[in-house]
Each structure stands twice: as structure tokens, then as C-alpha cells.
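Residue-level structure breakdown
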Amino acid sequence: MHQIWPTGDARPIDDGELERLYTYPDRPRWLVANFVASTDGAVEVGGKARPLSTPPDRKVLQLGSDLADVLLIGATTAMVEDFRGVHPDQHTLARRHRHGLADIPPTAVVTTGRSLPADAPVITQARVPTLVLTCATAPDATRRAWTDSGAEVVIAGEETVDLAAAVAALTERGLRRIDCEGGPHLFGALTAAGLVDELRLTISPLLTAGPAGRIATGPPTTPADLTLATALAEDDTLLLRYLTRPR
Ligand SMILES: NC(=O)c1ccc[n+]([C@@H]2O[C@H](COP(=O)([O-])OP(=O)(O)OC[C@H]3O[C@@H](n4cnc5c(N)ncnc54)[C@H](OP(=O)(O)O)[C@@H]3O)[C@@H](O)[C@H]2O)c1
């Protein structure tokens, strides 16, 4: 792997340096959004992200999860991508211990109640209780079913999830390194709410054409300026880190 920005010249970097670059800064909250897209901007192929991913993408996605306090995800992505929570191997555990982190970060799923059944693997297969970030209009029976399946239900907002309140509920629990793994509706809403601190975008060496959407969607909002923090390249994959506010 090579660092091509901000060094000027392509400079080889090892795993230790990669981990350093992808370590969350020491802030009261740091919310990172992770996406992989094709060169023509597609966010899925055949309805899934995995065909876009490459070994270097998986490496940095793993780092984002390994160094996080909590994973944040939209209900559709949790279902479509068959999320099961984090099941750390020895390498992940050693890395987390080195950084003083709990063994397993919980997953927090955003839903109004429509797209997250109580038997979702992200709830039933998780090693630590999944947080369901929902709103007051989620039916009582649905909330009870989530709890009965082992989830912890957090109400943030009335008719839709108030993402600022939901993120505040995470940080109040000490979950301040937030690793958002999509999808585009959640990312669009987080962007509109000004809650994203960093975008980790992988450009995958594929041209897909087709009907796929892009990494953020939702109602029109004011474009956010970004600062390029690092650019890495391995084989034909580009790994970009952008900050929403210069550090
Ligand atoms: N390339 C990548 O890196 C990547 C990453 C992730 C996902 N994806 C792809 O993206 C696709 C899914 O896209 P998506 O945009 O539909 O997924 P999404 O953002 O994960 O899920 C949308 C759902 O999340 C809940 N949600 C999001 N924002 C909310 C808010 N502010 N308030 C309340 N609920 C909210 C809603 O669930 P309820 O309906 O339950 O209310 C909504 O229907 C899949 O094809 C997946 O493979 C790609």
C-alpha cells in the first residue's frame, strides 16, 4: 500500500502506519461514514456492496470497526447485507485491547420500525445487545418484540429518528467513536444533520453502469465542503479520507 496524499510522492506504508492513520481522534464524538463506490459512483451491484469491495477496502473497513466504540447502520443495510454484529477474532481482540477498547462494539440500527424485524440477525446473532435507535411512533408491539429478542431500544424523535438525539444517546453511553457503515439514506440524513466528521471512501476499480444509486441520498441539502486528509492506493483501489471540518 502507498500513501499518495499528503506526502506528494507515493510512499509505502506498513500496517502499523495504516492503523495510526485510521485511529479515531480523541474527541467527544467522531462519526466516520464508510463507503465503497465504483469509479462511476455506484453504491451496489446486484443490490449488495460486497461485489464492489477489494482486499484493501476490506482492510480499512475492518480497521474502522476494530477501533470503534459502536457500529451505526440503517435498517435496510443491516437486512440486505445480513449484519450479525461484531464477532471479533484474536487479531481484532488484541488490537482493541491495545487501544483500551471493550472487546466487542455494539451495533446501533436506525429504524422507524418498518424495516427491522425482531428476528433480524443483527439482533439475534449479536454477541452484545444491539441498540435499536427508533422514534416514538414505532409500534409498542414492535418495540417489545425487539426487547424480547435481546435488543436495547432507544427512542430519539417523534415520527422519524432524530439523528442528533440518537447520536447524543450513543455518546452519553460513552460510545464516542462511531463507525457508520451506511447505507445511503442514513448517510444522506446524517450529512443533512451535520453529524458526519469523516468520510472514508473507497473507489473500487470497476465501471458498473446500471441503475445503482450513489453513496448519499435524500432531500436536497446544502453541500458540505470536505478536506482531503489522506489518499492511499493499493493495486487499483483508491482509499480516501475526507474531513468535514479541517483539523
Ligand atoms: N457501497 C457501500 O459501501 C454500501 C454501504 C451500505 C449500504 N450499501 C447498499 O445500500 C443499499 C441500501 O440503501 P438504503 O439507503 O436503503 O439503506 P439504509 O440507509 O441502510 O437504510 C434505510 C433505512 O434506514 C432507516 N433510516 C435511515 N435514516 C433514517 C432516519 N433519519 N430516520 C429513521 N429511519 C432512518 C429507515 O428504516 P425503516 O424503513 O425501518 O424506517 C430506512 O428505510 C443496499 O443495496 C446496500 O447494499 C452500500
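Residues numbered from 1 in each chain as written. Predicted model: local features only at pLDDT ≥ 70, side-chain atom pairs only at ≥ 80, totals over all residues. Heavy atoms only, no water.

Structural notes on the pattern of salt bridges
Throughout the structure, instances matching the rule amount to 13 salt bridges. Where Asp 197 meets Arg 29, a salt bridge forms, and the shortest distance between an N and an O atom there is 3.1 Å. Here Asp 197 is found in the loop between α8 (184–192) and β9 (198–204), whereas its partner Arg 29 is found in the loop between α1 (15–21) and β3 (30–38), with 168 residues between them in sequence. Taking relative accessible area as the criterion, Asp 197 reaches 5% and is therefore assigned buried. Classification of Arg 29 by relative accessible area gives partly exposed; the value is 22%. Here Asp 69 and Arg 177 are joined by a salt bridge, their closest N and O atoms 2.9 Å apart. Of this pair, Asp 69 sits in the loop between α2 (55–66) and β4 (70–74) while Arg 177 sits in strand β8 (residues 177–180); the two residues are 108 residues apart in sequence, bridging distant segments of the chain. Residue Asp 69 shares its accessibility class with Arg 177, and that shared class is buried. Through salt bridges with shared partners, a single ionic network connects Glu 19, Asp 66, Arg 95 and Arg 98. (Salt bridge = Lys/Arg side-chain N within 4 Å of Asp/Glu carboxyl O. Helix = DSSP H or I, 4+ residues; strand = E, 2+ residues; numbered from the N terminus. Buried < 20%, exposed > 50% of the residue type's maximum accessible area, 1.4 Å probe, protein only.)

A few points about the packing of α2 against helix α4 (residues 90–98)
The N-to-C vectors of α2 and α4 enclose an angle of 50°; their axes lie 10 Å apart at closest approach. Taken together, the axis directions place α2 and α4 in an arrangement best described as oblique. Here the hand of the crossing between α2 and α4 comes out right-handed. Residue-level contacts link Gln 62, Leu 63, Ser 65 and Asp 66 of α2 to Thr 92, Arg 95 and Arg 96 of α4. Classifying every residue of the contact of α2 with α4 gives 1 nonpolar, 3 polar and 3 charged. (Axes fitted to C-alpha atoms, helices over the stretch in contact; angles between N-to-C directions. Parallel < 35°, antiparallel > 145°, perpendicular 65-115°, else oblique. Left-handed = near helix turned anticlockwise from the far one by under 90°. Contact = heavy atoms within 4.5 Å. Nonpolar A, V, L, I, M, F, W, Y, C, P; charged D, E, K, R; others polar.)

Examining the pairing of β4
Extensive coverage of β4 is indicated by the burial of 5 of its 5 residues. Residues Val 70, Leu 72 and Gly 74 line one face of β4 and the alternating positions Leu 71 and Ile 73 line the opposite face, and both faces are buried.

Points about the domain arrangement of the chain
The domain boundaries assigned to the chain delineate domain 1 (1–10 + 27–69 + 180–247) and domain 2 (72–89 + 102–175). Its C-alpha centre places domain 1 at a distance of 22 Å from the equivalent point of domain 2. Both sides of the domain 1 and domain 2 interface together cover about 1300 Å² of buried area, and 65% of this is carbon and sulfur. For domain 1, the biggest contributors to the area lost against domain 2 are Asp 69, Glu 181 and Leu 186; these three give 37% of the whole. Where domain 1 packs against domain 2, one counts 0 salt bridges. Along the contact surface separating domain 1 from domain 2 lie 5 residue pairs in polar contact (both at pLDDT 80 or more). Among the elements that make up the side of domain 1 that touches domain 2, the one with the highest residue count is α8 (3 residues). Along the lines of polarity and charge, the residues of the side of domain 1 that touches domain 2 split into 9 nonpolar, 4 polar and 5 charged. (Domains from an automatic or database assignment. Buried area = accessible area lost by both parts, 1.4 Å probe. Polar contact = N/O pair within 3.5 Å; in protein donor to acceptor, adjacent residues only side chain to side chain.)

Some remarks on the packing of aromatic side chains
Counted under the stated rule, the structure contains 1 aromatic pair. A ring pair is formed by Phe 35 and Phe 187, whose centres lie 5.1 Å apart and whose planes are at 40°; its orientation type is tilted. Taken as a pair, Phe 35 in strand β3 and Phe 187 in helix α8 lie far apart in primary sequence, 152 residues in all. Taken individually, Phe 35 and Phe 187 each receive the classification buried, so the pair is uniform in this respect. The ring of Tyr 24 carries the charged tip of Arg 200 above its face, separated from the ring centre by 5.2 Å. Of note, Arg 241 hangs over the ring of Tyr 22, and the distance from its end group to the ring centre comes to 5.5 Å. (Phe/Tyr/Trp six-rings, centres within 6.5 Å; stacked < 30°, edge-to-face > 60°. Lys NZ or Arg CZ within 6 Å of the ring centre and 35° of its normal.)

Some thoughts on the site of the ligand
The immediate surroundings of the ligand are formed by 28 residues, with Thr 77, Glu 81, Thr 111, Thr 112 and Ser 115 found nearest. Between an oxygen atom of the ligand and a main-chain N or O atom of Pro 184, the distance comes to 3.3 Å. Contact distances for the ligand include 2.9 Å between an oxygen atom and a backbone N or O atom of Leu 186. Taking 910 Å² as the accessible area of the ligand by itself, protein coverage stands at 87%. It is α8 that contributes the most residues to the shell around the ligand, 4 residues altogether. (Near = heavy atom within 4 Å. Areas by Shrake-Rupley, 256 points an atom, 1.4 Å probe, with all protein chains shown as cover.)

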